[in-house]
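# Inside the fold
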Amino acid sequence: MAQTSSILENVKEYYGKVLESSSDLKTGNEVCNKNLSVENKYICRAISEVHQAVSAKYYGCGLCIPPGVEGACILDLGSGSGRDCFAVSKLVGPDGSVVGIDMTKEQVDVANTYIEYHTERFGFKQPNVKFVEGYCEDLIGAGLKKDSFDIIISNCVINLCPEKEIVLREAFNVLKPGGELYFSDMYTDTLQSDAVREDKVLWGEGFAGSLHWKQFHDITKKIGFSSPCIVSCSPIRVDREDFKKKLGEAKYCSVTYRLFKPIPTQPKDIDSLVQNGVGFVTYKGQILYHEESFKFDHRLTLQKGVKTAVPVQVISTLLSSRFSEEFSFETPAAGDKVSCCYTWRVLEDPFDVLKKMEEIDGPLKYCQKIKGT
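Keep in mind that this is a model prediction, so the values were computed, not measured.

What counts, and where the lines are drawn
- Residues numbered from 1 in each chain as written.
- Predicted model: local features only at pLDDT ≥ 70, side-chain atom pairs only at ≥ 80, totals over all residues.
- Heavy atoms only, no water.
- Helix = DSSP H or I, 4+ residues; strand = E, 2+ residues; numbered from the N terminus.
- Buried < 20%, exposed > 50% of the residue type's maximum accessible area, 1.4 Å probe, protein only.
- Contact = heavy atoms within 4.5 Å.
- Areas by Shrake-Rupley, 256 points an atom, 1.4 Å probe, with all protein chains shown as cover.
- Axes fitted to C-alpha atoms, helices over the stretch in contact; angles between N-to-C directions.
- Left-handed = near helix turned anticlockwise from the far one by under 90°.
- Nonpolar A, V, L, I, M, F, W, Y, C, P; charged D, E, K, R; others polar.
- Pairing = 2+ DSSP bridges.
- Phe/Tyr/Trp six-rings, centres within 6.5 Å; stacked < 30°, edge-to-face > 60°.
- Lys NZ or Arg CZ within 6 Å of the ring centre and 35° of its normal.
- Core = buried A, V, L, I, M, F, W, Y, C linked by side-chain atoms within 4.5 Å.
- Salt bridge = Lys/Arg side-chain N within 4 Å of Asp/Glu carboxyl O.
- Arc of directions from axis to C-beta.
- Disulfide = S-S within 2.5 Å.

## Structural notes on the overall build of the protein chain
Within the protein chain, the secondary structure is distributed over 13 helices and 15 strands. In the protein chain, which comprises 373 residues, the proportion classed as buried is 56%. By sequence separation, contacts in the protein chain at least 24 residues apart represent 81% of the contacts at least 6 residues apart. Of the roughly 16,800 Å² of accessible surface on the protein chain, 48% is carried by carbon and sulfur atoms.

## Points about the packing of helix H2 (residues 41-48) against helix H4 (residues 83-92)
Running from N to C, H2 and H4 point in directions that differ by 115 degrees, and their axes come no closer than 8 Å. In the crossing of H2 with H4, the sense of the turn from one axis to the other is right-handed. Each of Tyr42, Ile43, Ala46 and Ile47 in H2 lies in contact with H4, whose residues at this interface are Arg83, Ala87, Lys90 and Leu91. Along the lines of polarity and charge, the residues of the contact of H2 with H4 split into 6 nonpolar, no polar and 2 charged.

## Comments concerning the sheet that holds strand S13 (residues 308-311)
The 3 strands lie next to each other as S13-S10-S14, forming an open sheet whose pairing is antiparallel. Sheet topology places S13 and strand S14 (327-330) at the edges, where each strand pairs with a single neighbour. Sheet twist, expressed as the mean angle between neighbouring strand axes with direction ignored, is 40 degrees. Looking at chain direction, strand S10 (residues 278-283) and S13 are connected through 4 bridges and run antiparallel. Paired with Val281 across the two strands is Thr308, which belongs to S13. Against the sheet, helix H12 (residues 312-319) engages S10, S13 and S14, with an angle of about 90 degrees to S13.

## Quick notes on the packing of aromatic side chains
On inspection of all chains with the given rule, the structure shows 16 aromatic pairs. Between the aromatic rings of Tyr187 and Tyr257, the centroid separation amounts to 5.4 Å while the plane-to-plane angle is 90 degrees, which identifies the pairing as edge-to-face. In this pair, Tyr187 sits in strand S6 (residues 175-188) while Tyr257 sits in strand S9 (residues 252-260), placing the two residues 70 residues apart along the sequence. Seen from their ring centres, Tyr283 and Phe327 are 5.4 Å apart, and the 45 degrees between their planes marks the pair as tilted. Here the residue Tyr283 occupies a position in strand S10, and Phe327 occupies one in strand S14, the gap between them amounting to 44 residues. Of the two residues examined, Tyr283 and Phe327, each falls in the buried class. Three or more aromatic residues joined by ring pairs make a cluster, and in this case those are Phe260, Tyr283, Phe294, Phe323 and Phe327. The positively charged end of Arg240 is found above the aromatic ring belonging to Phe243, 4.5 Å away from the centroid. Seen from the ring of Phe172, Lys261 lies directly overhead, with NZ or CZ sitting 5.0 Å from the centre.

## Comments concerning the nonpolar core
By size, the foremost hydrophobic cluster in this structure holds 38 residues, and its most contacted members are Leu75, Leu77, Tyr187 and Tyr257. At 5 residues, helix H7 (residues 164-174) tops the list of elements feeding residues into this core. Beyond its immediate sequence surroundings of up to four residues, Leu75 is in contact with Val99, Ile101, Leu139, Leu144, Phe149, Ile151, Ile152, Ile153 and Val174.

## Points about the environment of Ile270
Here Ile270 is to be found in the loop between S9 and S10. Judged by its relative accessible area of 15%, Ile270 is buried. Taking the C-alpha atoms as reference points, Ile270 and Thr331, 61 residues apart in sequence, are found 9.7 Å from one another. Beyond its immediate stretch of four places on either side in the chain, Ile270 contacts Val312, Ile315, Ser316 and Leu319.

## Brief notes about the pairing of S9
Taken across its 9 residues, S9 has 9 buried, putting it largely inside the fold. Burial along S9 is two-sided: Tyr252, Ser254, Thr256, Arg258 and Phe260 and Cys253, Val255, Tyr257 and Leu259, pointing in opposite directions, are all buried. Relative to S9, S6 runs antiparallel, the two being bridged by 9 bridges. What sits directly across from Ser184, in S9, is Thr256.

## Looking at the pattern of salt bridges
Scanning all chains against the criterion turns up 17 salt bridges. As a salt-bridge pair, Arg83 and Asp84 come within 2.9 Å of each other at their nearest N and O atoms. Exposure remark for Asp84: the relative accessible area of 6% places this residue in the buried category. With its nearest N and O atoms 3.2 Å apart, the salt bridge here joins Glu165 to Arg169. Here Glu165 and its partner Arg169 are both found in helix H7, 4 residues apart, which amounts to about one turn of the helix. The class of Glu165 is partly exposed, set by a relative accessible area of 27%. The class of Arg169 is partly exposed, set by a relative accessible area of 32%.

## Let's talk about H2
Every buried residue belonging to H2 is among Tyr42, Ile43, Ala46 and Ile47, and all of these are buried. Along H2, the residues classed as buried sweep out an arc of 140 degrees about the axis, all on the same side. Contacts made by the buried residues of H2 are with H4.

## Here we look at the state of the cysteines
Applying the stated criterion across every chain yields a total of 0 disulfides. With no disulfide of its own, Cys136 lies closest to Cys161 among cysteine sulfurs, the gap being 4.8 Å.

Printed below as a string of structure tokens:
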């Protein structure tokens, strides 16, 4: 516990006093923000309306606003100066709400300063966003209620938390059944050495606290989340010689995952919807800004009105999630030979995903470029 407290105090000091803007990071995050697909341009527009003083203190590593947020109740873990909170507050609209929690007083103070500005800019009669100073490890203690959020987002923060299982369990507790955890974070292919885990700068920059991707799967399974699905990922290159010496051959990447707190009782019997482990799903096309298609993960995009054969695990995930009403489900006729081009992967290695992406698309853009010493 003493080591945990020491790490948290170090991170608070790093983001509250050492860093004054994103340009002070040893790892620049400018490339992450360019990694936006056409269907996410509406998010870019919302982000562009956030006050510059807030955006200047943005330290994220990915895009963590999912489809279908209109009218939703959303929690941002480690909200910092509030950039993502303010952007998503515009998207949820006046009928939605956003709560940001952060342990760094200086960051929360900046966010609170600009609540009125964004309320007026978005044309709302009253604020739909608030910020809480508290710890991701104790959401209930910070005054948040169980089963109260439709969506939890987080942007390169959980890697800064020493007790990740506690953080993820707290997130699970405050999500509504069917609620979604949609977040970006740093991961590694190596178990971190003691030397790395004791380095204050590497903790502040996210490297020392990066989970091995398999550990993340183990933790979420233990808690009760659905299997994590990779929405997108980008490699993180280490160019600084002093960092290279400490990190060795370890590889790092930024991954945006989506996973759900399953609804205890699914509205339909899964076995009645599949034949030989495969069933049909059709996207209704009713999610704002995503009327033509829905991206389930980096390998599966469901087109509006197109009956698509998918494995039973996809059907089960959708039925037990907040998206259950956005799809229709159909059982293949007995004896039909149904071809399914999507293979469910319980454990998907993000570094294998990056390797295959590079084989297909050529050299990849790096999420973070380490500045020179």
